[in-house]
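Next come the chains, spelled out residue by residue.
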Amino acid sequence: MEKVLEVKNLEVALNGKEILKDINLDIFEREIVAIVGPNGGGKTTLLKTCLGFIKPKKGYVRLLGKNPKEAVRIGKVGYLPQKPVLPTKTYLSALDVVLFGFIHSKLSKKEKIKKALDILKIVGMEKHAYRHYSDLSGGQQQRVSIGRVIAQEPKIIFLDEPSTGIDVVAQESFYDFLKKIRDEKGISIVMVTHDVGTVAEFVDKVIGLNKYMHYLGDIKGFFQKDILEKLYGTEVKLLVHSPECVSCEHFHMDFKR
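Summarised in this report is the structure supplied together with it. (Residues numbered from 1 in each chain as written. Predicted model: local features only at pLDDT ≥ 70, side-chain atom pairs only at ≥ 80, totals over all residues. Heavy atoms only, no water.)

Here the focus is the overall build of the protein chain. Looking only at helices and strands, the protein chain has nine helices and eleven strands in total. By the burial criterion, 49% of the 257 residues in the protein chain qualify as buried. The contacts in the protein chain between residues at least 6 apart in sequence include a share of 62% that link residues at least 24 apart. Surface summary for the protein chain: the accessible area is close to 13200 Å², and the carbon and sulfur share equals 50%. (Helix = DSSP H or I, 4+ residues; strand = E, 2+ residues; numbered from the N terminus. Buried < 20%, exposed > 50% of the residue type's maximum accessible area, 1.4 Å probe, protein only. Contact = heavy atoms within 4.5 Å. Areas by Shrake-Rupley, 256 points an atom, 1.4 Å probe, with all protein chains shown as cover.)

Quick look at the structure:
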């Protein structure tokens, strides 16, 4: 498979404080990857460094085989930050939001609208095309926002805490949706998340990050007591109801300080 992200010997410091050290990883096409770890462990910093927003102290990042800023400039990289891009109250419709993704396209207005409606169908929001974006639920807004990113025809999408503001019931549906766009569009997805239990059955690879990369591999290997204790820096009690299943319905982590 094609390599879409390569990180080698990465070190990042902000305001004189070392945030990331000795980070090495490869991500390939069609992979869904979760970056997990404690607050302040450098998850969002890694995401922003991969996007070229932060300059490394040491090492390098290759995004789609290019310098990150160049890869972002040519429009093959999608990014959805944790804080909403749009204001809480807006009169833009869901269709208008997706159309923003075609801002640099040379398609005619009619063609853009047709493609935007097709994308809304892919993300399961075609029935809400003309509703105000601000009237949608948190999960619906996330689907529309990702629709805007898809309109750019990216090869990789970076998501920072994409389930923020989405209730637990809607979270599984949202992650099912991410798998769908991966399968239908061939897009790689890298997301920062604290919902390690919820994403367990949806991801191909997990990065356990707390300054250092304490784990890189599949989800089953991640749920090991020694790995979790190194990652979270505390004693962890892992309760598993079924050894064959690592979904959020079958495990719970207790932390003791």
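The discussion continues.
What follows concerns the sheet that holds strand E2 (residues 17-28). Hydrogen bonds along the backbone pair up the strands of a sheet, which may run parallel or antiparallel. One open sheet accounts for three strands, arranged E2-E1-E4; its pairing is antiparallel. Strands with a single pairing partner mark the edges of an open sheet, and in this sheet they are E2 and strand E4 (58-63). This sheet shows a mean twist of 20° between the axes of neighbouring strands, independent of strand direction. With eight bridges connecting them, strand E1 (residues 3-14) and E2 associate as antiparallel partners. Looking at the pairing, Val 7 lines up with Leu 25 of E2. (Pairing = 2+ DSSP bridges. Axes fitted to C-alpha atoms, helices over the stretch in contact; angles between N-to-C directions.)

Below, the discussion takes up the packing of aromatic side chains. Applying the stated criterion across every chain yields a total of four aromatic pairs. Both rings, one in Phe 53 and one in Tyr 79, keep their centres 5.5 Å apart while their planes meet at 65°; by these two values the pair is edge-to-face. Taken as a pair, Phe 53 in the loop between helix H1 (43-50) and E4 and Tyr 79 in strand E5 (residues 77-80) lie far apart in primary sequence, 26 residues in all. Residue classification places Phe 53 among the partly exposed positions, given a relative accessible area of 47%. With a centroid separation of 5.8 Å and an interplanar angle of 35°, the aromatic rings of Tyr 175 and Phe 202 are classed as tilted. Residue Tyr 175 is located in helix H6 (residues 168-185), and its partner Phe 202 is located in the loop between helix H7 (196-199) and strand E8 (205-210); the two are separated by 27 residues in the primary sequence. (Phe/Tyr/Trp six-rings, centres within 6.5 Å; stacked < 30°, edge-to-face > 60°.)

Counting buried residues in strand E6 (residues 156-160) gives five out of five residues, a clear majority hidden from the surface. Burial along E6 is two-sided: the residues Ile 156, Phe 158 and Asp 160 and Ile 157 and Leu 159 are all buried. Looking at chain direction, E5 and E6 are connected through four bridges and run parallel. Opposite Leu 80, over in E6, you have Leu 159 as the bridge partner. Judged from the five bridges that link them, E6 and strand E7 (residues 188-192) form a sheet pairing that is parallel. Across the sheet, Ile 157 pairs through a bridge with Ile 189, a residue of E7.

Any link to function would need more than the numbers given here.
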